[in-house]
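Take a look at the letters that make up each chain.
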Amino acid sequence: MKKKIIVVILIIFLVLIGIISYFSYNYYTDNKEKKLLQNEVVEINKYITSDKVDIEKIKKIIAPDTTTKNRLVVENALEEYILDCATTINTSIALLQDEKITNLLGASNYQSDGPNFTNSKAYITKMKEDLLTTKQSILKLTDKDNVLTYFTNPTKDDYYDEMFESLALGTSLTKDNINTITNSIDSVINLLNISEETLNFLSLNSTSWQIQNNQIYFTNENLLNTYNNYIAKIK
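The following paragraphs examine the structure supplied in this document. Note that the structure is predicted; figures quoted are calculated from it, not measured.

## Description of the nonpolar core
Ranked by size, the top nonpolar core spans 56 residues in total, and within it Tyr 110, Phe 164 and Leu 202 carry the most contacts. In terms of residue count, helix 3 (residues 69–96) provides more of this core than any other element does, 10 residues in total. Those residues in contact with Phe 164 that lie beyond four places of it in its chain are Val 74, Ala 77, Leu 78, Val 147, Leu 148, Tyr 150 and Phe 151.

Rendered as structure tokens:
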């Protein structure tokens with residue numbers, strides 16, 4: 001009888017040891033692989049700045065699996081979110097760096113597209129739409145509720161929800177760089193608005209100005225002053 005009791009106690013002890021070992025191993029693995037993902041985010045951030053995004057380099061970094069099991073679902077969701085951020089930022093940079101924006105109020109554009117500026121006005125309308133759409137996409141990517149939709153927990157363990165949230169929201173990816181870009185978008189939209197007003201003014205007074213020696217000349221001082229007031233808004 002005593003021998004049976006000892007055997008039962010031994011079995012219970014071994015089961016407890018097994019359970020403790022299992023959870024201890026999972027805890028260790030969770031933390032180890034979370035750290036790997038944190039390091040991956042740090043590495044990716046090197047290739048995302050307010051004036052340049054290396055999409056191909058980022059894709060190479062996220063191509064191999066860094067984690068296993070339930071952490072892999074977190075990794076895939078995190079990498080999808082990061083890639084969306086990088087792609088959106090890259091799109092905004094391309095728009096902001098379009099040289100045509102700064103050439104709208106240049107003598108060469110006045111000569112080539114004036115006096116009605118049909119192409120320039122269409123460009124301004126399209127560019128403002130694209131910039132506003134991109135800005136909304138960026139702001140959406142910084143919205144917590146939207147960010148969390150990237151991850152669907154395959155378990156009943158809240159730990160993985162918390163892991164994804166801390167990794168996605170706890171990085172510098174959506175802070176300084178994105179704030180800089182959204183502010184730049186606002187500035188460029190303001191520039192486009194001023195450019196549009198200026199071109200409308202020139203169109204309405206199409207017979208009262210001309211280009212000579214790469215300079216604009218008006219037939220009277222009042223028009224010149226009005227034009228200069230528009231230009232002054234840019235500086």
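## Overview of the side chain of Thr 134
Tracing the sequence through the fold places Thr 134 in helix 6 (residues 118–141). For Thr 134, the side chain forms a polar contact with the main-chain oxygen of Asp 130, separated by 2.8 Å. Here Thr 134 is in contact with Thr 88, Thr 91, Ser 92 and Leu 95, once residues within four sequence places are set aside.

## With respect to unusual backbone geometry
The omega torsion across Gly 114 and Pro 115 is 5°, close enough to zero to call that bond cis. Of note, Pro 115 is situated in the loop between helix 5 (107–113) and helix 6. The phi angle at Asn 213 is positive, at roughly 50°, despite the residue not being glycine. Mapped onto the fold, Asn 213 is located in the loop between strand 1 (209–212) and strand 2 (215–218). In this structure, Asn 214 takes a positive phi of about 65° despite not being glycine. Within the secondary structure, Asn 214 is located in the loop between strand 1 and strand 2.

Thresholds applied
- Residues numbered from 1 in each chain as written.
- Predicted model: local features only at pLDDT ≥ 70, side-chain atom pairs only at ≥ 80, totals over all residues.
- Heavy atoms only, no water.
- Core = buried A, V, L, I, M, F, W, Y, C linked by side-chain atoms within 4.5 Å.
- Buried < 20%, exposed > 50% of the residue type's maximum accessible area, 1.4 Å probe, protein only.
- Helix = DSSP H or I, 4+ residues; strand = E, 2+ residues; numbered from the N terminus.
- Contact = heavy atoms within 4.5 Å.
- Polar contact = N/O pair within 3.5 Å; in protein donor to acceptor, adjacent residues only side chain to side chain.

By themselves, these observations are geometric and do not establish any function.
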